[in-house]
Amino acid sequence: MTRIIELKHVEVLYPLETKPALHDVNLFVEEGELVCLIGSSGCGKSTVLKLIAGLIQSTGGIVTKPDRVAMSFQQGALFPWLTVYENVALGLRQMQTPEDLLHRIVERELRAMHIHDFALKYPSDLSGGQRQRVGIARALAVDPHVLLLDEPFSALDPQTTAQLHDDIIEVWRRTKKTIVLVSHLIEEAVSLADRVILMKDGTVASEYKIELPYPRRENDGFHKDVMKIRKDFFA
Ligand code: ADP
Ligand code: MG
């Protein structure tokens, strides 16, 4: 297996801060894996994603990552003045993709995320779940090596969350992309990920391989895995 992402002894000290947000972080992600980072608020999950996305630089250690990494942010982070279609097309326009190819890709991603009917609407016309889907479609449209999702479900109701879980598993199966997802919910991580990485206080505390078949919540082993991680999470 190829390690597509690797962090070795990584430190991040934000400007004007005295305590590093990350210290001695060691982790890797293999090509095609779906990894979930969990941990309580402020433990450094988003900082790890920002490093992988290339939005910030580490102040120590080594970060290995591919060039093309796309990130979908909490709430989708869409441009309110652009239609759904144009939001999804944004990265492709920046890459100066020819119009006919751009159109084919945008149509495909809109259909894959079940938002094709909203193509000409604006983000303010959409529900939270739909906005999140647009953010994911936009990230996938540029055919990234790695897809990063920062708490994509945090503002959604349980039913919408369950649907989006299924869609992300479907995207992962269809595209075979490497996905790194952030969550603060253990159940969510165990429902989705191949491997769960637990972070605490700016570093990696432990990790767990999840080997249950999907859909996971119906599996007898689900609660056992959740309980094991919960014990460490609150230890
Ligand atoms: P999480 O996503 O797990 O909630 P973050 O990675 O956002 O955690 O933050 C980790 C720590 O770094 C927190 O203490 C947070 O306050 C701090 N932090 C995050 N972003 C910045 C920034 N731009 N400047 C200074 N401190 C930051
Ligand atoms: Mg965060």
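For the structure itself, look to the data block above.
These numbers come from a predicted model, not from an experiment.

Chemist: Explain the packing of helix α2 (residues 84-94) against helix α3 (residues 99-112) here, please?
Modeler: When two helices pack together, their arrangement is given by the angle between their axes and by how far apart the axes lie. In the contact formed by α2 and α3, the axes pass within 10 Å of each other and the chain directions differ by 125°. Classified by the angle between their axes, α2 and α3 sit oblique to one another. Crossing angle aside, the handedness with which α2 passes α3 is right-handed. Together, Val-84, Tyr-85, Val-88, Ala-89, Leu-92 and Arg-93 of α2 and Glu-99, Leu-102, His-103, Ile-105, Val-106, Glu-107, Glu-109 and Leu-110 of α3 make up the contact between the two elements. Per-class residue counts for the contact of α2 with α3 are nine nonpolar, one polar and four charged.

Chemist: Would you mind going over the pattern of salt bridges with me for this structure?
Modeler: Two side chains that carry opposite charge are able to pair once their charged atoms sit near each other. Counted by the stated rule, this structure contains 11 salt bridges. Taking the shortest distance from any N to any O, the salt bridge between Lys-19 and Asp-201 comes out at 3.2 Å. One end of the pair, Lys-19, is in the loop between β1 (3-12) and β2 (22-30); the other, Asp-201, is in the loop between β8 (195-200) and β9 (203-209), with 182 residues separating them in the sequence. Taking relative accessible area as the criterion, Asp-201 reaches 53% and is therefore assigned exposed.

Chemist: I keep staring at the sheet that holds β2 and nothing clicks. Help me out?
Modeler: In a beta sheet, neighbouring strands are held together by backbone hydrogen bonds and run either parallel or antiparallel to one another. Spatially, the three strands line up as an open sheet ordered β2-β1-β4, and their pairing is antiparallel. At either end of the open sheet lies a strand with only one pairing partner, and these are β2 and β4 (60-64). When the angles between neighbouring strand axes are averaged without regard to direction, this sheet yields 10°. Across four bridges, the pairing between β1 and β4 is antiparallel.

Chemist: Just to check I follow, could you spell out the nonpolar core for this structure?
Modeler: Most often, soluble globular proteins have nonpolar side chains that are buried together. The biggest cluster of nonpolar side chains holds 50 residues, and the ones touching the most others in it are Ile-38, Val-106, Leu-110, Val-190, Val-196 and Ile-229. In terms of residues, this core owes the most to one element, helix α4 (residues 128-141), which gives six residues. Residues from two domains meet in this core; each of domain 1 (1-68 + 145-235) and domain 2 (77-143) gives at least three. Val-106 has contacts with Tyr-85, Val-88, Ala-89 and Leu-92, leaving out every residue within four places of it along the chain. Val-35, Val-48, Ile-52 and Met-71 belong to the second-largest nonpolar core, a separate cluster that totals 26 residues.

Chemist: Would you explain the site of ligand 1 in this entry?
Modeler: Around ligand 1, the neighbouring residues are Tyr-14, Glu-17, Ala-21, Ser-40, Ser-41, Gly-42, Cys-43, Gly-44, Lys-45, Ser-46, Thr-47 and Lys-50. Take Gly-42: an N or O atom from its main chain is 2.7 Å from an oxygen atom of ligand 1. Between ligand 1 and Cys-43, the relevant distance is 3.3 Å, taken from an oxygen atom to a main-chain nitrogen or oxygen of the residue. Among the residues forming the shell around ligand 1, the class breakdown is three nonpolar, six polar and three charged.

Reading the values: the criteria
- Residues numbered from 1 in each chain as written.
- Chains lettered and ligands numbered in written order.
- Predicted model: local features only at pLDDT ≥ 70, side-chain atom pairs only at ≥ 80, totals over all residues.
- Heavy atoms only, no water.
- Axes fitted to C-alpha atoms, helices over the stretch in contact; angles between N-to-C directions.
- Helix = DSSP H or I, 4+ residues; strand = E, 2+ residues; numbered from the N terminus.
- Parallel < 35°, antiparallel > 145°, perpendicular 65-115°, else oblique.
- Left-handed = near helix turned anticlockwise from the far one by under 90°.
- Contact = heavy atoms within 4.5 Å.
- Nonpolar A, V, L, I, M, F, W, Y, C, P; charged D, E, K, R; others polar.
- Salt bridge = Lys/Arg side-chain N within 4 Å of Asp/Glu carboxyl O.
- Buried < 20%, exposed > 50% of the residue type's maximum accessible area, 1.4 Å probe, protein only.
- Pairing = 2+ DSSP bridges.
- Core = buried A, V, L, I, M, F, W, Y, C linked by side-chain atoms within 4.5 Å.
- Domains from an automatic or database assignment.
- Near = heavy atom within 4 Å.
- Polar contact = N/O pair within 3.5 Å; in protein donor to acceptor, adjacent residues only side chain to side chain.

Keep in mind these values describe shape, not function.
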